[in-house]
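Commentary on secondary and tertiary structure
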Amino acid sequence: MSVDKKVLQEFTLERDNELRFEVESKTEKVYLTLKSGTAEVFGTELVKAKTYEFTAGAKVAVFTWHGCVVEVKGKTDVIYTAKETPMVLYSNCHAALEVMRVEADRENKRGPIAMLVGPCDVGKSTVCRILLNYAVRMGRRPIYVDLDVGQGHISIPGTIGALMVERPAVIDEGFSQEAPLVYSFGQKSPQNNQTLFSILVQQLAITVKERLEVNKKTRASGVIINTCGWIKNAGYKQLISNAKAFEVDAIFVLDQERLYNELVRDMPNFVKIIFMAKSGGVVERSKSLRVEARDQRIREYFYGTPKNSLYPHSFDVKFSDVKIYKVGAPALPDSCLPLGMKADDHLTKLVPITPNAGILHHIMAVSFAENEDDIITSHVAGFVCVTNLDTERQMITLLSPQPKPLPNNILVMSDLQFMDTH
Ligand code: ADP
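Under the annotation held in an unreviewed UniProt entry, the chain carries the name Protein CLP1 homolog and is attributed to Callosobruchus maculatus. In the Sequence similarities (unreviewed entry) part of its UniProt record, the chain is described as follows: "Belongs to the Clp1 family. Clp1 subfamily." In the Subcellular location (unreviewed entry) part of its UniProt record, the chain is described as follows: "Nucleus".

What to know about the UniProt feature "domain: Clp1 P-loop" (unreviewed entry) in the chain
With numbering aligned to this structure, UniProt lists the feature "domain: Clp1 P-loop" (unreviewed entry) at residues 118–304. Helix makes up 43% of residues 118–304 and strand 15%. Its end C-alpha atoms lie 30 Å apart.

Observations concerning the UniProt feature "binding site: ATP" (unreviewed entry) in the chain
Residues annotated by UniProt as "binding site: ATP" (unreviewed entry) correspond here to Glu18, Lys59, Asp121, Val122, Gly123, Lys124, Ser125 and Thr126. Within the secondary structure, Glu18 is located in strand β2 (residues 18–22). Glu18 gets classed as buried once you look at its relative accessible area, which sits at 5%. Among all residues touching Glu18, those that are not within four sequence positions of it are Ala61, Val62, Phe63, Tyr80, Thr81, Ala82, Thr85, Met87 and Ser279. Among the polar contacts made by the side chain of Glu18, one reaches the side chain of Arg20 at a distance of 2.6 Å. Its location among the elements puts Lys124 in helix α3 (residues 124–137). Under the relative-accessibility criterion, Lys124 is labelled buried at 7%. Discounting residues that sit within four places of it in the chain, Lys124 has contacts with Leu116, Val117, Gly118, Pro119, Asn226, Thr227, Cys228, Gly229 and Leu254. Only 2.6 Å separates the side chain of Lys124 from the backbone oxygen of Pro119, close enough to count as a polar contact.

Here we look at the site of the ligand
Residues in close proximity to the ligand total 17 residues, the closest being Glu18, Lys59, Lys124, Ser125 and Thr126. Backbone polar atom of Asp121 to an oxygen atom of the ligand: 3.2 Å apart, as the coordinates give it. Here an oxygen atom of the ligand and a backbone polar atom of Lys124 are 2.9 Å apart. For the shell around the ligand, the residue count by class is six nonpolar, five polar and six charged. Shared between two domains, the shell around the ligand takes at least three residues from each, and those domains are domain 1 (8–84) and domain 2 (87–276).

Procedures and definitions
Residues numbered from 1 in each chain as written. Predicted model: local features only at pLDDT ≥ 70, side-chain atom pairs only at ≥ 80, totals over all residues. Heavy atoms only, no water. UniProt positions renumbered as here; feature names shortened; annotations may be inferred. Helix = DSSP H or I, 4+ residues; strand = E, 2+ residues; numbered from the N terminus. Buried < 20%, exposed > 50% of the residue type's maximum accessible area, 1.4 Å probe, protein only. Contact = heavy atoms within 4.5 Å. Polar contact = N/O pair within 3.5 Å; in protein donor to acceptor, adjacent residues only side chain to side chain. Near = heavy atom within 4 Å. Nonpolar A, V, L, I, M, F, W, Y, C, P; charged D, E, K, R; others polar. Domains from an automatic or database assignment.

Okay, structure coming up:
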């Protein structure tokens, strides 16, 4: 392959074909331009002649319903055209949801609440994005709920949240993040504290239902819920409890027939369970790639993306000006449990923390809670990171997207850490 060909390639895609590429190496950027025809990336239409930029880690599929010519500039790790895709199936699922929305609109009822489930790396988040994009392209205003604390598509990892989707995702950035509703779970996996996770899911479901009540357009548009890949034993029970909390009408099961059959067996008949094939393009991520993706997500929260830089603030706060808590205390042996206390009560116990070296580099959720009793179930204003601790001056230094002062003095420590090497 000549050097030129390596940096600039043109692809002619037949109808229903998909061009897939990955940008792996850290320093590379890849530019994509639609020359003619029509194409979309995960449900967002490409604008002809506009150039889109993809940075390290991007795994992209350019799909065309009617054929197109695209140009790709820059070094890709992998690039190929696929003729087999499940896009027709995904589009049929969208059409079925749309039928439910039309009926909901007509009868002023609630539109479909659909949940995506399946193992890790089968394209759950991508299918959510496609379904949401198709819905907004039809003029709908669905709510996107993300219960995948491992990646945190709405906010940062360790959170669950909801976002009203008003326009298609930006091709190289994702959905716009105006006023998301975010709850901090503070861990990378629901397994680490299932009791707390369930409480937060229920709280989020209540708030989402309230939002559906007050907005007719959103009510008819419904909700698309993304979940994490924890689907066995307690993870399966958690999926069932998520489905109950949100009163889902449909569950799309990606890739796993066993999970599909279990759900058909265990869910009430009025919940439709639909099996979906996984796209051959979905890329499996190694453990280290997952860690990297989490880190990048937090970095983007503070510093933005190469295209959309953010300038966070760094300021000192006196120990006495903030109240720091952690949710969850070490377990007590059964024999030591005080009267009336259940064995898993420690999981939701609020533990005050005196600033010490152990909080360094930790992410802290800035709670909206007005008092201690509300902390666990309150959603959060945003996140800060402890970048320095000075015990002599009794000060901590915080990295924050907003300038001083903090919107609230209640901070809840997350298990997630971030090294600010900027
Ligand atoms: P899950 O949510 O199940 O963990 P994702 O939707 O995050 O899976 O998909 C994993 C990765 O695969 C993502 O980086 C996504 O961009 C990529 N991906 C998904 N579908 C395709 C496709 N058709 N072609 C290329 N890459 C894809």
